[in-house]
Amino acid sequence: MAHRFIVEADGGSRGNPGPAGYGAVVLDAATGEALAEAAEYIGTATNNVAEYRGLIAGLEAAKAIDPDAEIAVRMDSKLVVEQMSGRWKIKHPDMRPLAARAQTLFPPGRVTYEWIPRERNKHADRLANEAMDAGKRGVPWEPGAVAPEPAAAAVAGQPKAAPVGWAAPADLGAPTTFVLLRHGETALTPQKRFSGSGGSDPELSPAGRRQADAVAAALAARGTVQAVVTSPLRRCRETAATVAARLGLEVRVEEGLRETDFGAWDGLTFAEVRERHPADLDAWLASTKAAPTGGGESFAAVARRVSAARDRLLEQYAGRTVLLVSHVTPVKTLVRLALGAPPESLFRMELSAASLSAVAYYADGNASLRLLNDTGHLR
């Protein structure tokens, strides 16, 4: 017979956003006995991120005891309870991957959610505050103890303690990793012509097909890709098909990964656009809100489209490694968003045909750039 557990979880932020931490406790539903505690200082975050992190930690602790258990979650966060119960939409992009992670820990129907007043959630609240206090002192939280204040000065010749985020790795489960592959060359690529989603939709050139074969071999050797998703444009679909055939995977098309629509500039070189549409080009270079001549797509619009696609894919492939076959602008946009870099950084990245980049997304909403413009497989 499956166990029945109660998970009480909480999170807090001293500043919202500010120094944040979470706490969670797993209780035996029959006896009320505390079976496990979890808490952690998570650096600067919002209350809602900390609350979701507490929920995830509590569910993971319960799963470690009995993965077949039935769980009753109790939290004083109305937002988390209503969103996880499916009654409220999850609109904020920071919340979506966290909710997706929580949903993967137990099958649907095995977890229920109940809102409780803060005074009935004192155990988890205490743990969250202990974690934030420990983080302030620069030490990890430990069960049953409040960490002492560190010495005012380090012993001569010894390094200072590392920040908690480095010294104590967060137990967030496997990140969702997007391996970002720019498609192989087309006839337009070596000529450096604008080639967007509204143009001629060229096929791979012979060089591009060789590049696709090379990257397929490299990814097969690594053996980490679990799914393949591609832009709908032909050059990406052909690249994705070559890789997927080598990996034994199917290909899924995601419209949000298509290239920018360059309008009247499609098929032209930069010099030709400068000659024919100088004012429009200057405006485009000065602002990501400016669109190319003839009803093209601004980089700001591309960012909204790509970030929406990113969120959908994070929900659908939580904890997995996914190959995304796309184009220069969407790949650079995903990298920029992961780094929190300004929009003008799009003009400061080099992205070669058939190059590989990679971004890992964690359950706390953070992202880490792991690779950029790798072309070693083409040499």
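Residues numbered from 1 in each chain as written. Predicted model: local features only at pLDDT ≥ 70, side-chain atom pairs only at ≥ 80, totals over all residues. Heavy atoms only, no water.

A closer look at the sheet that holds strand β1 (residues 4-13)
For the record, the criterion: A pair of strands is labelled paired if DSSP reports no fewer than 2 bridges between them. Put simply, DSSP H or I for four residues or longer makes a helix, DSSP E for two residues or longer makes a strand, and each gets a number counted from the N terminus. Only the stretch in contact is used when a helix axis is fitted, and all axes are lines through C-alpha atoms; the angle between N-to-C directions ranges over 0 to 180 degrees. The criterion used for residue contact is that any of the two residues' heavy atoms lie within 4.5 Å.
With mixed pairing, five strands are arranged side by side in an open sheet as β3-β2-β1-β4-β5. Edge positions in the sheet fall to β3 (34-45) and β5 (111-115), since each has one partner strand and no second. For this sheet the average axis-to-axis angle between neighbouring strands, irrespective of direction, equals 20 degrees. Where strand β4 (residues 70-75) and β5 come together, five bridges link them in parallel fashion. Each residue of the ladder has a partner; that of Met75, found in β5, is Trp115. Strands in contact with helix α1 (residues 47-65) are β1, β2 (18-28), β3, β4 and β5; relative to β1, the strand with the most contacts, it is inclined by about 155 degrees. Contacting β1, β2 and β3, helix α4 (residues 122-137) runs over the sheet at an angle of about 140 degrees to β2.

Things to note about helix α6 (residues 206-222)
Here is the rule: Helix span is expected to be 1.5 Å times the residue number reduced by one. In this scheme, a residue with accessible area under 20% of its type's maximum is buried, one over 50% is exposed, and one in between is partly exposed, where area comes from a 1.4 Å probe on protein chains only. By definition, the arc is the one covered by directions from the helix axis to the C-beta atoms.
Here α6 is 17 residues long and its end C-alpha atoms lie 25 Å apart, about the 24 Å a rise of 1.5 Å per residue gives. Among the residues making up α6, those that are buried are Gly208, Gln211, Ala212, Val215, Ala216, Ala218 and Leu219. One face of α6 carries all of its buried residues, which in axial projection span an arc of 165 degrees. Within α6, the exposed residues directed more than 90 degrees away from the buried face are Pro206, Arg210 and Ala221. Contacts made by the buried residues of α6 are with β6 (176-182), α7 (234-247), β9 (321-326) and β10 (356-361). After α6 finishes, the residue Gly223 shows a positive phi value of roughly 70 degrees.

What about the packing of aromatic side chains?
Cut-off, in case you're wondering: Two rings from Phe, Tyr or Trp (for Trp, the six-membered ring) form a pair when their centres are within 6.5 Å of each other. A pair whose planes differ by under 30 degrees is stacked, one over 60 is edge-to-face, and the rest are tilted.
Applying the stated criterion to the full structure yields eight aromatic pairs. Measuring from centroid to centroid gives 5.7 Å for Trp284 and Phe347, while their planes differ by 85 degrees, and the two rings are edge-to-face. Of this pair, Trp284 sits in helix α9 (residues 278-286) while Phe347 sits in the loop between α11 (328-339) and β10, and the two are 63 residues apart along the sequence. Using a relative accessible area of 5% as the deciding quantity, one classes Trp284 as buried. The partly exposed category is assigned to Phe347, whose relative accessible area is 37%. When the centroid spacing of 5.9 Å and the interplanar angle of 55 degrees are considered together, the rings of Phe299 and Phe347 count as tilted. Of the two residues, Phe299 is situated in helix α10 (residues 299-316) and Phe347 in the loop between α11 and β10; the sequence distance between them amounts to 48 residues. The buried category is assigned to Phe299, whose relative accessible area is 8%.

A look at α10
Given a rise of 1.5 Å per residue, 18 residues ought to cover 26 Å, and the 25 Å separating the end C-alpha atoms of α10 matches this to within 8%. Taken residue by residue, α10 has Phe299, Ala300, Val302, Ala303, Arg305, Val306, Ser307, Ala309, Arg310, Asp311, Leu313 and Leu314 as its buried positions.

Some thoughts on the side chain of Gln83
Along the polypeptide, Gln83 turns up in helix α2 (residues 78-84). Once residues within four sequence positions are removed from consideration, Gln83 is found in contact with Tyr52, Trp88, Lys89 and Ile90.

So, the confidence of the model for the protein
Selection criterion: One confidence number per residue, pLDDT, is output by the predictor and ranges from 0 to 100.
Across the protein, the average pLDDT comes to 88, with 92% of residues at or above 70. Contacts for the low-pLDDT stretch residues 145-170, under 50 throughout, to residues beyond four places or in other chains number 20 contacts.

Describing the pairing of β9
Most of β9 is tucked away, with six of its six residues classed as buried. Of the two faces of β9, the one carrying Thr321, Leu323 and Val325 and the one carrying Val322, Leu324 and Ser326 are both buried. Direction of pairing for β6 relative to β9: parallel, over a ladder of six bridges. Looking across to β9, one finds that Val179 is bridged to Leu323. Examined bridge by bridge, strand β7 (residues 227-230) and β9 share four bridges and lie parallel to one another.

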